[in-house]
Amino acid sequence: MMHVSENKCVGCGLCVDVCPQEGITLSKGVAQIEKDKCVECRSCLQECPQGAISFFENINLVVAFGTDDGNTLKSDNHVGMSKYFRLYRFSDGQEDFTEQRKIIKYKEDATKTHGDPGKAKATASALENVDILVGQMFGPNITRLRNKFVCAVVRKNTIDDAIQTVRKNINEIIEEKDKKDRRGIVLN
Ligand code: SF4
Ligand code: SF4
């Protein structure tokens, strides 16, 4: 499946011209690939001077959103201090809520500092099988957590808006996930 990164595309239209299926249009200055027409020849990927087009076999990612109330992203503290994590499965073109998880160990222990390795371990263990952790704020433990999953800073109020931001940046997330030396990433 072909994907265009909205953040990288500059709307030059070179991919539109090269597509043998007439499967690419420009909308608001960003290339849009029509899935029904695309035969995955990858000509557009090779043509794009911005590296804005990627090919992925299938998207299948589990994304966790830190929240206290189930609707908004935690904003008054680090994501690891969230009451719950709402997990969504991102596949080609859709996001499905799958489950809600909670960190029990360490969360209420005031003697543990934000960068305490035990806290990172508890978060990582609660978020087993998660590919991406999304929060408004990360603490010093991001250096440990990013080895377990992609740590993405998204400064959106609601989980619904954060889901849209993740979807928009899915190319960058997948690229980051495949890196050996991951960094925390900020998504707009
Ligand atoms: S060639 Fe690349 S930068 Fe140009 S419109 Fe297509 S995707 Fe965007
Ligand atoms: S992969 Fe080929 S068919 Fe699909 S949008 Fe790109 S150029 Fe068109």
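Reading the values: rules and limits
Residues numbered from 1 in each chain as written. Chains lettered and ligands numbered in written order. Predicted model: local features only at pLDDT ≥ 70, side-chain atom pairs only at ≥ 80, totals over all residues. Helix = DSSP H or I, 4+ residues; strand = E, 2+ residues; numbered from the N terminus. Buried ≥ 20, exposed ≤ 12 C-beta atoms within 10 Å, placed from the backbone. Contact = placed C-beta atoms within 7 Å. Domains from an automatic or database assignment. Near = placed C-beta within 6 Å. Nonpolar A, V, L, I, M, F, W, Y, C, P; charged D, E, K, R; others polar. Core = buried A, V, L, I, M, F, W, Y, C linked by C-beta atoms within 7 Å. Pairing = 2+ DSSP bridges.

Looking now at the overall build of the chain. Across its full length, the chain holds six helices and ten strands. Principal axes of the C-alpha set define a box for the chain whose edges measure 60 × 30 × 25 Å. When the 188 residues of the chain are sorted by exposure, 31% land in the buried category. In the chain, the share of contacts with a sequence separation of at least 24, taken over all contacts with a separation of at least 6, comes to 55%.

For the chain, the assigned domains are domain 1 (2–55) and domain 2 (60–187). Taken together, the contact pairs five residues of domain 1 with five residues of domain 2.

In this section: the site of ligand 2. Residues in close proximity to ligand 2 total 14 residues, the closest being Cys19, Cys38, Cys41, Ser43 and Cys44. For the shell around ligand 2, the residue count by class is nine nonpolar, three polar and two charged.

Let's shift gears to the nonpolar core. Within the largest apolar cluster, 29 residues are counted, with the highest numbers of intra-cluster contacts made by Ile132, Leu133, Val134, Ala152 and Val166. Contributing elements (two or more residues each) for this core: strand E5 (60–67), strand E6 (84–91), strand E8 (132–135), helix H4 (142–145), strand E9 (150–154), helix H5 (159–168) and helix H6 (170–177). Beyond its immediate stretch of four places on either side in the chain, Leu133 contacts Ala64, Val79, Leu127, Leu145, Phe149, Cys151 and Ala152. Grouped together as the second largest cluster of nonpolar side chains are eleven residues, Ile24, Cys48, Ala52 and Ile53 included.

Time to look at the site of ligand 1. Of all residues adjacent to ligand 1, which total 14 residues, the nearest are Cys9, Cys12, Cys15, Ala31 and Cys48. Along the lines of polarity and charge, the residues of the shell around ligand 1 split into ten nonpolar, three polar and one charged.

Further remarks concern the pairing of strand E2 (residues 24–27). With four bridges connecting them, E2 and strand E3 (residues 30–33) associate as antiparallel partners. Within the sheet, the bridge partner assigned to Leu26 lies in E3 and is Ala31. The hairpin formed by E2 and E3 contains two residues between the paired strands, and Lys28 there has a positive phi angle of roughly 55°.

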